[in-house]
Amino acid sequence: MKQKIQTITLVLVALLGISSCSKNDGANPGNEDGRNGNLTGKLIYTFTGNVYQLDLQTNRQRTYFTFNTYGFNYWDMSRDEQFRLTSEREAGVFDVAKITLIHNLDGTIADEFDYVSPKGTDTNVKALLSPDNKNVLYSPTLDNGIVITDLDGNVLTHLEAVDTEAGPVMFGINDEVLWLPGNRIVFTLGDRYIFQSDPPYTSLTLVKEMPYTLWGNLRVNKQGTQLAMMVSNHIYVMDVDGNDLRQVTESSDGEIHADFSPDGKHLLVAKKIGPTFFYWNLAIIPNDGQVYNMDNDEAVIVIQPDGEEILPAVNGATFWIE
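Residues numbered from 1 in each chain as written. Predicted model: local features only at pLDDT ≥ 70, side-chain atom pairs only at ≥ 80, totals over all residues. Heavy atoms only, no water.

J.: Where do I start with the sheet that holds strand E27 (residues 301-302) in this structure?
T.: Consider a sheet: its strands pair through backbone hydrogen bonds, and that pairing is either parallel or antiparallel. With respect to topology, four strands assemble into an open sheet ordered E23-E24-E25-E27, the strand pairing being antiparallel. On the outer flanks of this sheet lie strand E23 (255-260) and E27, each paired with one strand and no other. Summarising the sheet, strand E25 (residues 280-286) and E27 pair through two bridges and their orientation is antiparallel. When the sheet's bridge partners are listed, Ile284 is paired in E27 with Ile301. (Pairing = 2+ DSSP bridges. Helix = DSSP H or I, 4+ residues; strand = E, 2+ residues; numbered from the N terminus.)

J.: How should I be thinking about the packing of aromatic side chains in this particular structure?
T.: When we look at a pair of aromatic rings, we describe it by the centre distance and by the angle of the planes. All told, the structure shown has 12 aromatic pairs when counted by the stated rule. Ring centres of Phe47 and Tyr279 lie 5.9 Å apart, and the angle between their planes is 50°; this geometry places the pair in the tilted category. Pair noted here: Phe47 is in strand E2 (residues 42-47) and Tyr279 is in the loop between strand E24 (266-272) and E25, with a separation of 232 residues, a long-range link. The class for Phe47 is partly exposed, based on a relative accessible area of 25%. Ring plane angle 55° and centroid distance 6.3 Å describe the contact between Tyr212 and Tyr236, whose orientation is recorded as tilted. One end of the pair, Tyr212, is in the loop between strand E17 (205-209) and strand E18 (215-220); the other, Tyr236, is in strand E20 (residues 234-239), and 24 residues separate them in sequence. Note on Tyr236: relative accessible area 8%, which makes it buried. Through a chain of ring-to-ring contacts, the aromatic side chains of Tyr64, Phe65, Phe67, Phe72, Trp75 and Phe319 assemble into a single cluster. Taking the ring centre of Phe65 as reference, the NZ or CZ of Arg84 above it sits at 4.0 Å. (Phe/Tyr/Trp six-rings, centres within 6.5 Å; stacked < 30°, edge-to-face > 60°. Buried < 20%, exposed > 50% of the residue type's maximum accessible area, 1.4 Å probe, protein only. Lys NZ or Arg CZ within 6 Å of the ring centre and 35° of its normal.)

J.: What's the story with the environment of Gly289 in this structure? I'm lost.
T.: For Gly289, the location among the structural elements is in the loop between E25 and strand E26 (292-293). Along the sequence, Gly289 and Val237 sit 52 residues apart, while their C-alpha atoms lie 7.9 Å from each other.

J.: Is there a simple way to think about the nonpolar core in this case?
T.: For soluble globular proteins, the rule of thumb is that nonpolar side chains tend to be buried together. The biggest cluster of nonpolar side chains holds 44 residues, and the ones touching the most others in it are Trp75, Phe187, Ile194 and Met229. Apart from the residues within four sequence positions on either side, Trp75 is in contact with Ile44, Thr46, Val51, Phe65, Arg84, Leu85, Thr86, Ala317 and Phe319. (Core = buried A, V, L, I, M, F, W, Y, C linked by side-chain atoms within 4.5 Å. Contact = heavy atoms within 4.5 Å.)

J.: Looking at this structure, how should I read unusual backbone geometry?
T.: A negative phi angle is the norm for most residues apart from glycine, just as the trans form is the norm for most peptide bonds. Residues Pro199 and Pro200 are joined by a peptide bond in cis, for which omega reads 5°. You can see Pro200 is positioned in the loop between strand E16 (193-197) and E17. Despite not being glycine, Asn233 has its phi angle at roughly 75°, a positive value. With respect to the helices and strands, Asn233 occurs in the loop between strand E19 (226-231) and E20. Residue class for Asn233 comes out partly exposed when judged on its relative accessible area of 22%. Residue Asp244 is not a glycine yet carries a positive backbone phi of 60°. One can find Asp244 in the loop between E20 and strand E21 (246-247). The exposure class assigned to Asp244 is partly exposed, which follows from its relative accessible area of 32%.

As structure tokens, this is what we get:
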């Protein structure tokens with residue numbers, strides 16, 4: 001284990017402006033005969049201890065893998081779709097989280113280690129595998145901010161705060177962080193800002209100041225050029241540099257988050273079920289900058305596997321893979 005921990009306070013280096021939203025001026029052809037049109041790839045979605053895979057061409061659903069919900073935190077898919085990374089709280093262990101790298105092909109373990117956070121005793125952590133499959137990124141917690149380790153659990157980078165004119169702003173438990181290509185990261189701070197930082201994470205750029213009371217659930221496309229997020233209960237997209245922020249969904253209820261298709265041309269939208277955000281259904285819309293009404297737009301493809309009488313309920317990680 002490495003003894004020296006790199007602990008960094010980030011410094012603001014650039015500011016970018018805020019873009020306006022756009023409205024829908026048309027729609028593309030949607031689902032035909034209850035199928036998924038010409039869409040390709042596979043959807044991966046989680047409900048309690050089951051992770052399912054839906055082949056968009058056949059519209060057939062199968063179980064991808066299962067997990068014990070006791071102590072389970074989160075799971076992530078590698079960019080090359082060869083691995084999944086899981087984070088768990090082990091029974092009777094109160095100071096570390098178990099991180100496991102698993103081959104998707106046969107379910108065998110490629111690597112595993114206990115994550116010991118730099119400060120505090122974080123066990124309920126969201127762990128994300130880097131694009132090169134060599135490092136692990138941990139979402140901010142109350143004590144630790146953003147942490148990056150290698151696959152032996154050695155802490156490589158610890159980002160605790162952002163320096164501002166008013167003083168350092170610490171990360172909170174509601175802040176988010178994602179990998180970008182090249183092991184760059186994008187993250188939120190203080191319910192107000194989105195930042196980007198490149199290795200070795202000693203400086204950062206302000207991507208966008210968000211003047212909204214309700215926003216978050218960031219997703220990035222595979223190309224690293226665009227972000228999707230929830231703003232005021234609907235989905236917005238913008239360029240990764242903060243330009244061209246625009247609303248792309250509307251409804252009488254609400255949407256939670258949206259994953260990009262592998263080519264970035266469509267969005268897999270999580271539609272809220274009922275009065276809470278605990279469960280959601282899935283639907284697909286084109287990612288063309290137009291606004292789609294999730295209640296009645298013909299272009300909206302509602303996901304319902306063949307042989308299933310009700311729409312799949314989802315309450316965990318979702319992905320769209322090739």
